[in-house]
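Take a look at the letters that make up each chain.
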Amino acid sequence: QVQLVESGGGSVQAGGSLRLSCAASGYSSYCMGWFRQAPGKEHEGVAAIDSDGSTSYADSVKGRFTISKDNAKNTLYLQMNSLKPEDTAMYYCAEGLLRFGAPLNPGEYNFWGQGTHVTVSS
């Protein structure tokens with residue numbers, strides 16, 4: 001199992017951009033994803049990527065966010081553009097159980113990072 005550490009969160013104005021990073025302790029051949037949780041709300045799947053590089057996105061972020069990974073650096077990324085106040089949340093990266101397929105259901109993932117805060121003001 002891998003250890004995951006997120007970074008790159010912060011406060012931005014609406015319309016701005018951030019890139020989140022998730023450093024893994026070792027190479028992962030399983031799907032990985034980004035999830036978020038706002039105060040008082042449930043975990044929401046944002047984006048996921050499998051071992052082939054196939055991706056999935058929540059409808060709310062499609063066209064604005066891009067998930068990618070650098071296997072040489074054992075790092076997962078989430079590029080977030082055109083940020084909106086409703087994107088404000090704690091963002092987590094996670095490793096799942098599938099090699100092929102990239103689900104957005106948090107229940108499909110077993111190893112989680114500690115999270116990084118993202119705040120978007122209007």
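Summary of the structure given here. (Residues numbered from 1 in each chain as written. Predicted model: local features only at pLDDT ≥ 70, side-chain atom pairs only at ≥ 80, totals over all residues. Heavy atoms only, no water.)

### Some points on the state of the cysteines
- A complete count under the given rule lists one disulfide for this structure.
- As a non-bridged cysteine, Cys31 has Cys93 as the owner of its nearest cysteine sulfur, 12 Å distant. (Disulfide = S-S within 2.5 Å.)

### Description of the sheet that holds strand E7 (residues 65-70)
- Spatial ordering of the open sheet is given by E1-E3-E8-E7, a layout of four strands whose pairing is antiparallel. Where the open sheet ends on each side, the last strands, each with one partner, are strand E1 (4-7) and E7. Strand-to-strand twist of the sheet, defined as the mean angle between neighbouring strand axes without regard to direction, takes the value 15 degrees.
- Pairing analysis gives four bridges linking E1 to strand E3 (residues 18-24), with the strands arranged antiparallel. Within E3, the position partnered with Ser7 by the bridge is Ser21. (Pairing = 2+ DSSP bridges. Helix = DSSP H or I, 4+ residues; strand = E, 2+ residues; numbered from the N terminus. Axes fitted to C-alpha atoms, helices over the stretch in contact; angles between N-to-C directions.)

### A closer look at the nonpolar core
- Judged by nonpolar contacts, the single largest core of 26 residues is most densely connected at Trp34, Leu78, Met80 and Tyr91.
- Taken together, the elements giving at least two residues each to this core come down to E3, strand E4 (32-37), strand E5 (44-49), E7, strand E8 (75-80), strand E9 (89-96) and strand E11 (116-121).
- In terms of residues, this core owes the most to one element, E3, which gives four residues.
- Ignoring anything within four residues of it in the chain, the contact list for Met80 reads Gly16, Ser17, Leu18, Leu20, Arg64, Phe65, Tyr91 and Val118.
- With six residues, the next largest nonpolar core counts Cys31, Phe35, Ala48 and Tyr109 among its residues. (Core = buried A, V, L, I, M, F, W, Y, C linked by side-chain atoms within 4.5 Å. Buried < 20%, exposed > 50% of the residue type's maximum accessible area, 1.4 Å probe, protein only. Contact = heavy atoms within 4.5 Å.)

### Concerning unusual backbone geometry
- The backbone of Asn74 sits at a positive phi, close to 50 degrees, despite the residue not being glycine.
- Taking the relative accessible area as the measure of exposure, Asn74 reaches 24% and is therefore partly exposed.
- The phi angle at Ser82 is positive, at roughly 50 degrees, despite the residue not being glycine.
- With respect to the helices and strands, the residue Ser82 is situated in the loop between E8 and E9.
- Its relative accessible area of 41% is what places Ser82 among the partly exposed residues.

### A few points about the packing of aromatic side chains
- Here the structure, examined in full by the defined rule, presents three aromatic pairs.
- Where Phe35 meets Tyr109, the ring centres are 4.7 Å apart and the plane angle is 70 degrees; that geometry is what we call edge-to-face. Here Phe35 is found in strand E4, whereas its partner Tyr109 is found in strand E10 (residues 109-112), with 74 residues between them in sequence.
- The buried category is assigned to Phe35, whose relative accessible area is 0%.
- Its relative accessible area of 6% is what places Tyr109 among the buried residues.
- Ring geometry for Phe35 versus Trp112: centroids 4.9 Å apart, planes at 55 degrees, classification tilted. With Phe35 in strand E4 and Trp112 in strand E10, this residue pair connects regions lying 77 residues apart in the sequence.
- Judged by its relative accessible area of 29%, Trp112 falls in the partly exposed class.
- Taken together, the ring pairs connect Phe35, Tyr92, Tyr109 and Trp112 into an aromatic cluster. (Phe/Tyr/Trp six-rings, centres within 6.5 Å; stacked < 30°, edge-to-face > 60°.)

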